[in-house]
Amino acid sequence: MAHTRVYRDGVLVEENFPVEQVSDYLQDPATTVWLDFCEPTEDDLTSISEELGLHALAVEDAAEEHQRPKFDRYDTHSFLIAYSAHFDVDTGMVTKSELAAFVTKQALVTVRKDDGFDIEAVAQRWDASADLAKSGVAFLLHGLLDYIVDGHFDSVQALDDQIEALEDLVFDERPDQRELQRRSFRLRKSLTALRRVVLPMREVVNTVMRRDQHLIDSVMMPYFQDVYDHVLRASEWTESLRDLVATVRETQLNLQGNRLNTIMKKVTSWAAIIAVPTAVTGFYGQNVPYPGFQATSGFWVSTVAIVLLSVGLYASFKRRDWL
């Protein structure tokens, strides 16, 4: 089922009406219409394309998945592709939801590729700032972009917290190297996915704000400027996290190398201490009587001593994380 709303002179007058009535409302210049599709069929897009005069290339991009974030201008409308993002702290993965939007003089048509995009949250933002609804389509577009960009910002912040936690693990006295490598790889993968949707938004919002687009009035311009500021902060933050993840990985390898050098020095020192009496006794071929000499009990005592000392050394090295 499609979501629909109509505003007249900045006041919400009706919602959830049939899609077939969209053209009737658009005959009134004082109205602004919002229409939302979730996983629409080809017939749905064709019907609304004919009613609003949408360009065939834009309709084709709206039907295709995995498009690049962009904002294109056509003769009768503009076309937007953007992604919402959410970082899951438990799994360490970023989930994305693609959205296409047609922006006309009196209508905003959103096309969600899946139900992961929370369109209800966008509607709540519109309701929370209903005093701006007189700006028409610019008001609707601002609420949509503001929700998307805030989601990017929250995801970057959550990812930053996870990277800081990873830094603390790196400097643990006895870190779990496998877990560190696993988490480091997972965070780098999530950061790469996030960069692909965050960085292009600078160009998208900047294009929307251009005066030759004639989309934003003087009332909404400061609000779009605020969105653009959040976009810049999220983009710069994402770039800094990219360097931070690389630094964490380099630090992990350096600490691992330093720890290995320390272990090698200790083991070499013990080997040198043991090698001196071994060399002396071996050189002179010393073979003196000892308790149990030439007796079966002596063989078993020496064998047990060798086993116990070997196991003790193994346990000691394992406890110090040398093995």
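The preceding data block contains the structure.
This report concerns the structure included in the present document. Numbering of residues starts from 1 in every chain and runs along the sequence as written. Selection of residues for local features in this predicted model requires a pLDDT of at least 70, selection of side-chain atom pairs for listing and counting requires 80 or more, and totals for whole chains, interfaces and linings are taken over all residues. Side-chain figures throughout are based on the complete set of non-hydrogen atoms in the structure, without hydrogens or water.

## Observations concerning the pattern of salt bridges
One side chain can pair with another of opposite charge once the charged atoms of both are near each other.
Moving on, step 1. Put simply, a salt bridge is a Lys or Arg side-chain nitrogen that is within 4 Å of an Asp or Glu carboxyl oxygen. In total, this model carries 11 salt bridges according to the counting rule given.
Moving on, step 2. A salt bridge links aspartate 61 to lysine 70, with the nearest nitrogen and oxygen atoms 2.9 Å apart. A single burial state applies to aspartate 61 and to lysine 70, both of which are buried.
Moving on, step 3. A salt bridge links aspartate 72 to lysine 70, with the nearest nitrogen and oxygen atoms 3.5 Å apart. A simple rule labels every residue: compare its accessible area, found with a 1.4 Å probe on the protein chains alone, to the largest value its type can have, and call it buried under 20%, exposed over 50%, or partly exposed in between.

## Quick word on a positive patch on the surface
Moving on, step 1. A patch consists of residues whose relative accessible area exceeds 30% and which take part in no salt bridge; residues with like charges are grouped when within 9 Å of each other, and nonpolar side chains (Val, Leu, Ile, Met, Phe, Trp, Tyr) when within 5 Å. Exposure was quantified through the Shrake-Rupley algorithm and a 1.4 Å probe, taking into account, for residues, occlusion by the shown protein chains and nothing else. Within this scheme the basic residues Lys and Arg register as positive and the acidic residues Asp and Glu register as negative, but His and the chain ends are omitted. Where a charge lies is defined by one atom per residue type: Lys uses NZ, Arg uses CZ, Asp uses CG and Glu uses CD. On the surface, a cluster of positive charge is contributed by Arg174, Lys266, Arg319 and Arg320.
Moving on, step 2. Along the chain, arginine 319 falls in helix α9 (residues 296-319). Per the convention used, a helix needs a DSSP run of H or I reaching at least four residues, while a strand needs a run of E reaching at least two, with both numbered from the N terminus.

## Considerations on the environment of threonine 110
Moving on, step 1. If you trace the backbone, threonine 110 turns up in strand β7 (residues 107-112).
Moving on, step 2. A C-alpha to C-alpha distance of 77 Å links threonine 110 and isoleucine 274, two positions 164 residues apart in sequence.
Moving on, step 3. Other than its neighbours up to four places away in sequence, threonine 110 contacts Trp34, Leu35, Asp36, Phe37, Leu99, Ala100, Ala101, Ile119 and Leu144.
Moving on, step 4. In this structure the side chain of threonine 110 is engaged in a polar contact, spanning 3.2 Å, whose partner is the side chain of tryptophan 34.
Moving on, step 5. Within the local environment of threonine 110, its side chain forms a polar contact with the side chain of aspartate 36, the two groups lying 2.7 Å apart. For this analysis, residues touch if any pair of their heavy atoms sits within 4.5 Å. Two N or O atoms count as a polar contact when they lie within 3.5 Å, although within protein this holds only if one can serve as hydrogen donor and the other as acceptor, and sequence-adjacent residues are included solely when both atoms are side-chain atoms.

## As for the pairing of β7
Moving on, step 1. Burial analysis of β7 places six of its six residues in the buried class, which makes it a mostly covered element.
Moving on, step 2. Judged by which residues are buried, β7 turns out to be covered on both faces: Ala107, Val109 and Val111 on one side and Leu108, Thr110 and Arg112 on the other are all buried.
Moving on, step 3. Bridge count between strand β6 (residues 93-103) and β7: five bridges; the pairing is antiparallel. When the bridges of β7 are listed, phenylalanine 102 appears paired with valine 109.
Moving on, step 4. The rule for pairing is simple: two strands pair if DSSP sees at least two bridges between them. Counted between consecutive antiparallel strands, the loop separating β6 from β7 contains three residues.

## Let's talk about the nonpolar core
Moving on, step 1. Residue types Ala, Val, Leu, Ile, Met, Phe, Trp, Tyr and Cys, when buried and joined through side-chain atoms within 4.5 Å, form a set referred to as a nonpolar core. Formed by 45 residues in total, the largest nonpolar core has its most connected members in Val33, Leu35, Phe79, Phe102, Leu159, Ile163 and Leu194.
Moving on, step 2. Top contributing element to this core by residue count: helix α5 (residues 137-170), with seven residues.
Moving on, step 3. Not counting the four nearest positions on each side in its chain, valine 33 is found in contact with Arg5, Val6, Phe17, Val22, Tyr25, Leu26, Gln106, Ala107, Leu108 and Leu140.

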